[in-house]
Amino acid sequence: MKISKLFAGSAIALTALFITSCTGEKVHLTGNISDAKDSLLYFENMSLNGAVTVDSVKLGADGAFAFEVEAAKHPEFYRLRIARQIINIGVDSTETISVKASYPTMSAQYEISGSEECNKIKELALLQMELQSRVNGITQNPDVPYALEADSIQTVLTAYKDKVKHDYIFKAPNKAYSYFALFQTFVVDNRPMLIFDPRSMKEDVQVFAAVATSWDTFYPGTERGQNLHNIALEGMKNMRIVRARNAQTIDASRVSDAGVIEIALPDNKGVTRKLTELKGKVVMLDFHVFATKSSTARIMQLRELYNKYHAQGFEIYQVSLDPDEHFWKEKVAALPWVCVHDENASASESATLYNVQNIPTFFLIDKNNVLQKRDVQIKDIDAEIKAML
């Protein structure tokens, strides 16, 4: 899927989703939109090819409506629309959602109940409108010189992204509202642009990759998750090409994709070890804290796995989140696998990008550097490793 296909649809609405994996259960959407008598209200699913009408109704004097749709096994996106006025709806389970609004101000002024996801999406939509207002204020201000306009826009854009990353996306990258945030847009000179740019901004690629990894883990095999994964991969490749051109040492044609988020941290000898350098091996990416009571027992289990399968191409890349670096060095001195330390400990960016919520946590990565499963998806670790070897 080309990234350009993500730009179909409204500037405020989500861009690209679909209806699959139905459960047989229903999602119910009810409510009323006042001051809209005889208006046609559309209930639309946001597919990868744009908006698809699920149902519609001509509103009466009371503005009442009721729609239902099959519930999917993964978060799904819809919208209510009258002309260009839109209310975005995110669904992550079988729910009954109620909406109250008034036309023609429904996009910015509406009440929604029955779904925390939808409330978060509303918050994000209002934040996006505020951002757009600030951008418009810059572009329409005669006192802002043209030469400073781009820098001024970038300043407010960076502040917006920092807030959304830390208050929404990194807190719960598997949620529908985090996916929604990735595809919000703003307009400059009548040109809609993604707020998070997965093609040319390294930090934004990392945000896409964090959500992609979470979706790979919690909703494996979904078309939308795979599309997001592909976007992240393309962004990573673009970044490598840019670095290669800047350094003028690597032929861009030799740049290859990686299906994992890169981690590059120092081992106990101070040597930076990269996760992607283990391509060609089956890798267990393990997040660990040695200063816990359960650490010794877990290390013994890892030693057993390492001894069984290392000669066949199995490796462990272990990330320590211990706050005491000296203590960590003592604990790993005799370990045979790759052990690295993140000095940020519980504030580790790598742990955030991999959506690590509990310690210890591990992931399995195949020989092509593609993340396959995390611990909660694995019932028989030996069988999984053997299958990947």
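One can find the structure itself at the top, above this paragraph.
Residues numbered from 1 in each chain as written. Predicted model: local features only at pLDDT ≥ 70, side-chain atom pairs only at ≥ 80, totals over all residues. Heavy atoms only, no water.

Student: Lay out the pattern of salt bridges in plain terms, naming residues and giving numbers.
Tutor: A full pass over the atoms with the stated rule returns 14 salt bridges. Residue lysine 26 is joined to glutamate 70 by a salt bridge in which the shortest nitrogen-to-oxygen separation is 3.0 Å. With lysine 26 in strand E1 (residues 22-34) and glutamate 70 in strand E4 (residues 64-72), the pair connects residues that are 44 residues apart, well separated along the chain. For lysine 26, a relative accessible area of 29% translates into the label partly exposed. Classification of glutamate 70 by relative accessible area gives partly exposed; the value is 29%. (Salt bridge = Lys/Arg side-chain N within 4 Å of Asp/Glu carboxyl O. Helix = DSSP H or I, 4+ residues; strand = E, 2+ residues; numbered from the N terminus. Buried < 20%, exposed > 50% of the residue type's maximum accessible area, 1.4 Å probe, protein only.)

Student: Please set out the packing of helix H6 (residues 295-309) against helix H9 (residues 381-388) residue by residue, giving values where relevant.
Tutor: Where H6 contacts H9, the two axes come as close as 12 Å, and the packing angle between them is 30°. In terms of their interaxial angle, H6 and H9 are classed as roughly parallel. Considering how the two elements wind past one another, H6 and H9 form a crossing that is right-handed. On the side of H6, the interface is formed by Leu305, Lys308 and Tyr309, while H9 contributes Ile381, Asp382, Ile385 and Lys386. In terms of residue class, the contact of H6 with H9 is made up of four nonpolar, no polar and three charged. (Axes fitted to C-alpha atoms, helices over the stretch in contact; angles between N-to-C directions. Parallel < 35°, antiparallel > 145°, perpendicular 65-115°, else oblique. Left-handed = near helix turned anticlockwise from the far one by under 90°. Contact = heavy atoms within 4.5 Å. Nonpolar A, V, L, I, M, F, W, Y, C, P; charged D, E, K, R; others polar.)

Student: I'd like to hear about the nonpolar core, residue by residue, with values.
Tutor: Judged by nonpolar contacts, the single largest core of 64 residues is most densely connected at Leu285, Phe287, Tyr317 and Tyr354. With eight residues, helix H4 (residues 202-218) is the single largest residue contributor to this core. (Core = buried A, V, L, I, M, F, W, Y, C linked by side-chain atoms within 4.5 Å.)

Student: Can you explain the pairing of strand E15 (residues 338-341)? Please cite residues and give values.
Tutor: Both faces of E15 are covered, namely the face carrying Val338 and Val340 and the face carrying Cys339 and His341. In terms of strand pairing, strand E14 (residues 314-320) meets E15 through four bridges, oriented parallel. Bridge pairing in E15 links glutamine 318 to cysteine 339. With helix H7 (residues 325-332) bridging E14 and the parallel E15, this β-α-β connection has right-handed handedness. (Pairing = 2+ DSSP bridges. Right-handed = clockwise from strand over helix to strand, strands pointing away.)

Student: Which residues make up the environment of aspartate 342, and what values go with them?
Tutor: The residue aspartate 342 is located in the loop between E15 and helix H8 (349-353) in this model. Aspartate 342 sits 20 residues away from aspartate 322 along the chain, and the two C-alpha atoms are 7.7 Å apart. In this structure, aspartate 342 is in contact with Leu265, Val319, Ser320, Leu321, Asp322, Ser348, Glu349 and Ser350, ignoring residues within four places of it in sequence.

Remember that the coordinates give geometry; whether it matters functionally is a separate question.
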